[in-house]
Amino acid sequence: MDADLQARIVLERRARYAVLHEEFLLHYQPIYETEEHNLIGFEALVRMTAEDGSLVPPLTFIPVAEEMRLIDKIGRWVLREGCRTAMTGPVHLTVAVNLSPAQFLTGSVSEMVAEALKDSGLQANRLELEITETLLLGNSEAIMVELRALKATGVSIVMDDFGTGYSSLSYLWRFPFDKIKIDRSFMQALDGSDRDAETVVKTIIALGRELKIQVTVEGVETASQAAFLDKVGSDQAQGFFFGRPGPASEVGASILADSEQQRARTSKAEAELRLVK
Ligand code: C2E
Ligand code: MG
Ligand code: MG
């Protein structure tokens, strides 16, 4: 108990320091569309640097930061940094930023987003905001108003970790989400040859298609999972199989590999066309 308490005190102290000195960094994980396997963008995932230089994962410090009411400042930094980095990349790539429900309680998220877009010069349609259904649990009209205001700025609103928690389908018609991300627990269940998981993934993809909501599958770790997604036709995929999250300095390598691949595909198609002629 003592050790837990001690660890918590250290974490709180570090979180306070990190906010003051911006001791955070973003790792970026590539997201691919499934049909041609083209890179479409990155998800920005925050890490806090510990005193010894190691990285503290978000699931460890975000809940603490929420309780300490530091999440607004962290969220603002993440958004600014994510937009700034996206501006250094090709214009067809998007950046996805996660928002904590606590950010909606304290300030105006739409104002913060508008400010980040203006300061960075990033086009709104290149920014995706990921929320989870916990935000919608309270059925609050104020949250809906804020989400609509955000969408009106031209950014995309994404339902993250879909299929966990309460997963009320009513969320999907109460707000026009641009994208659903199927939680990675479904990919884990697939590997256990869980036929029901396969059916549920297929059904969510079909539902997305009917509702004209894009579907991304998270946590794709193996070639067989990727092949399954090809078969069932999810729109996008993300996971260690395609690329792990890495610092901004490594983002260039994914972009380069992607444009090489696209170039090779174009040359092959042109060669085939010449043969036909
Ligand atoms: P998330 O938004 O669902 O992000 C995906 C998480 O799954 C990331 O963990 C990523 O590293 C991990 N992941 C991606 N592909 C795979 C895979 O193939 N296998 C496995 N096992 N894991 C995979 P990370 O970076 O530790 O982030 C965890 C969660 O922390 C995020 O889940 C998100 O909810 C939260 N988070 C991250 N960055 C932020 C942020 O800037 N603000 C807020 N509020 N929350 C954040
Ligand atoms: Mg996310
Ligand atoms: Mg997720």
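## Examining the coordination of the magnesium ion (ligand 3)
Line of reasoning, step 1. Note on the magnesium ion (ligand 3): its protein donors are Asp160 (OD), Asp161 (OD), Glu218 (OE) and Glu218 (OE). The metal-donor distances range over 2.0 to 2.5 Å.
Line of reasoning, step 2. Sequence positions of the donors to the magnesium ion (ligand 3) reduce to the motif D-D-x56-E.
Line of reasoning, step 3. The magnesium ion (ligand 2) is placed at 4.1 Å from the magnesium ion (ligand 3), the two being bridged by Asp160. One end of the pair, Asp160, is in strand β6 (residues 156–162); the other, Glu218, is in the loop between β8 (214–217) and α10 (223–232), with 58 residues separating them in the sequence. Both residues of the pair, Asp160 and Glu218, belong to the buried class.

## So, the packing of aromatic side chains
Line of reasoning, step 1. Taken as a whole, this structure holds 5 aromatic pairs when the rule is applied.
Line of reasoning, step 2. Note on Phe24 and Trp77: the rings are 6.0 Å apart at their centroids and 40 degrees apart in plane angle, and the pair reads as tilted. Of this pair, Phe24 sits in strand β1 (residues 24–33) while Trp77 sits in helix α3 (residues 71–87), and the two are 53 residues apart along the sequence.
Line of reasoning, step 3. Given the relative accessible area of 8%, Phe24 is considered buried.
Line of reasoning, step 4. Judged by its relative accessible area of 9%, Trp77 falls in the buried class.
Line of reasoning, step 5. When the centroid spacing of 5.2 Å and the interplanar angle of 75 degrees are considered together, the rings of Phe175 and Phe177 count as edge-to-face. Phe177 shares its class with Phe175; the two are buried.
Line of reasoning, step 6. Each member of the aromatic cluster is reached from another via a ring pair, and the members are Phe24, Phe61 and Trp77.
Line of reasoning, step 7. Across from the ring centre of Phe240, 3.9 Å away, lies the NZ or CZ of Arg244, which sits over that ring.

Reading the values: the criteria
- Residues numbered from 1 in each chain as written.
- Chains lettered and ligands numbered in written order.
- Predicted model: local features only at pLDDT ≥ 70, side-chain atom pairs only at ≥ 80, totals over all residues.
- Heavy atoms only, no water.
- Donors = N, O, S within 2.8 Å, 3.2 Å for Na, K, Ca; no water.
- Helix = DSSP H or I, 4+ residues; strand = E, 2+ residues; numbered from the N terminus.
- Buried < 20%, exposed > 50% of the residue type's maximum accessible area, 1.4 Å probe, protein only.
- Phe/Tyr/Trp six-rings, centres within 6.5 Å; stacked < 30°, edge-to-face > 60°.
- Lys NZ or Arg CZ within 6 Å of the ring centre and 35° of its normal.

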